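These are the residues of each chain, in order.
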Amino acid sequence: MTTSIDSSSSSIAAVDSEAMEILAAEEARQHGTIELIASENHVSPAVREAVGSVFTNKYAEGYPGKRYYGGCDNMDAAENLARDRVKKLFGCDHANVQPHSGSQANFAVFLAHLSPGDTVLSLDLSHGGHLSHGMKVNVSGMLYNIVSYGVNPETEQFDYDEIHRLAKEHKPKLIISGASAYPRTINFDRFSEIAHEVGALHLADIAHIAGLVATNLHPSPVPTAEFVTTTTHKTLRGPRGGLIMCKEDFAKKVDSRIFPGIQGGPLMHAVLGKAIAFKEALQPSFATYQQQVLDNAKHLADALKSLGNRIVSGGTDNHLMLLDLRTNYPDVTGSDAEGWLEQAGIIVNKNMIPFDERKPIHTSGLRIGTPATTTRGMGSNEMDAIASMLDRVLRSGGEQSVIEGVATEVRTLCDQFPLP
Ligand code: DSN
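Residues numbered from 1 in each chain as written. Predicted model: local features only at pLDDT ≥ 70, side-chain atom pairs only at ≥ 80, totals over all residues. Heavy atoms only, no water.

Caption draft 1: Region of interest: the nonpolar core. Ranked by size, the top nonpolar core spans 56 residues in total, and within it Val-86, Phe-90, Phe-158, Ile-175, Ile-206, Leu-236 and Met-245 carry the most contacts. Leaving out residues up to four positions away in the same chain, Met-245 has contacts with Val-86, Phe-90, Cys-92, His-94, Ala-95, Ile-206, Val-222, Glu-226, Phe-227, Val-228 and Thr-230. With 35 residues, the next largest nonpolar core counts Leu-323, Leu-341, Ala-344 and Leu-394 among its residues. (Core = buried A, V, L, I, M, F, W, Y, C linked by side-chain atoms within 4.5 Å. Buried < 20%, exposed > 50% of the residue type's maximum accessible area, 1.4 Å probe, protein only. Contact = heavy atoms within 4.5 Å.)

In structure tokens, the structure reads:
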């Protein structure tokens, strides 16, 4: 298997053969497998260089111009660059680029606006929500009173009248839109209208679709939502991390809830990587990439359907789809499917489908996304091939000879599409 690490010039190889072996194995794994996890992507060499740079050496608690350490001029420049680029990319009033993750970003917004015990209306985890939106064992679910909305059983899409009804009944202080596994366009304007009618604020978590929003391929919540959070590493294709955008009125509070509220020193190597990723996202080629992500997702969903599969809600408007395993492979659970496909070199994650009768550890669904394969340059022919390989593995019930045959096809395909 090919790997891009040249161990003769690697500093890691020179000092730590065990770490080197692990790193080389991961490079080889990423090269030799088809990555369909909807929340993962492959960053550019420039972003990778930034996150492995001397910026990792520096403490910079505080914000540009107001740090608690000396020697921060370059940190200030990097953070200002990242913030300015976010504003240009999304058209927001204020940006905080310090959150270590999307969960940190969300928690900071909770702390900026809510008191413990306040009511939050958010999407049920089993219908595609996120753990930081109120899961019982997450701090969001421990501290706040969470009321959940789900998808409509018929359409498997949001029922905005029902969300409106729940908002009027429970009078939340915050309504969260955004999801981890929702394949359809989200009507952010309607969420804002509902929130404002009941005196709530609107937090839109666009972690999954940020790249689509940045390129106007999905409606933006920035004009109407008070808070917009995202990760930077999914469709946005930057380094691992989080980001908060908000209206000017909330800027001070949000900043203070990130630091010193829940974080100390920002990960400045990640902030530099974010700045670079935002510049990349401002280029016309990024819009072309996002359009191809969408085209590939539609093509893959259609190809899976043409093999007799059911796709939750009938299809996809974004970068991901949920495959209902019960139609074509009734005895196969999501965990079986995930394991067999991984042996074949196809990486997916098991996922609950709405109204799933199986437990979260098993599930009846797979979540499948196209950001990473699209980054490698794959298109409609490869989506057809992926649908066929996936179907053969699942139909075989994990038969080793089928898995091995598909693994060979996967390796051949991957060799044609190098990692960035
Ligand atoms: N874990 C991410 C995902 O896979 O969607 C969300 O944080």
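Caption draft 2: Geometry of the site of the ligand. Around the ligand sit Ser-39, His-130, Ser-180, His-208, Lys-234 and Arg-367, and those are all the residues in its vicinity. Here an oxygen atom of the ligand and a side-chain polar atom of His-208 are 2.7 Å apart. In isolation the ligand exposes 230 Å². Once the protein is present, 64% of that is buried. (Near = heavy atom within 4 Å. Polar contact = N/O pair within 3.5 Å; in protein donor to acceptor, adjacent residues only side chain to side chain. Areas by Shrake-Rupley, 256 points an atom, 1.4 Å probe, with all protein chains shown as cover.)

Caption draft 3: Here's a closer look at the pattern of salt bridges. In the structure shown here, the tally under the stated rule is 15 salt bridges. Measuring nitrogen to oxygen at the nearest pair gives 3.5 Å for the salt bridge that ties Arg-190 to Asp-161. With Arg-190 in helix H8 (residues 188–197) and Asp-161 in helix H7 (residues 160–170), the pair connects residues that are 29 residues apart, well separated along the chain. Here Lys-305 ties to Asp-302 by a salt bridge, and the two come within 4.0 Å at their closest N and O atoms. Of this pair, Lys-305 and Asp-302 both sit in helix H12 (residues 284–306), 3 residues apart, roughly one helical turn. For Asp-302, a relative accessible area of 47% puts it in the partly exposed group. (Salt bridge = Lys/Arg side-chain N within 4 Å of Asp/Glu carboxyl O. Helix = DSSP H or I, 4+ residues; strand = E, 2+ residues; numbered from the N terminus.)

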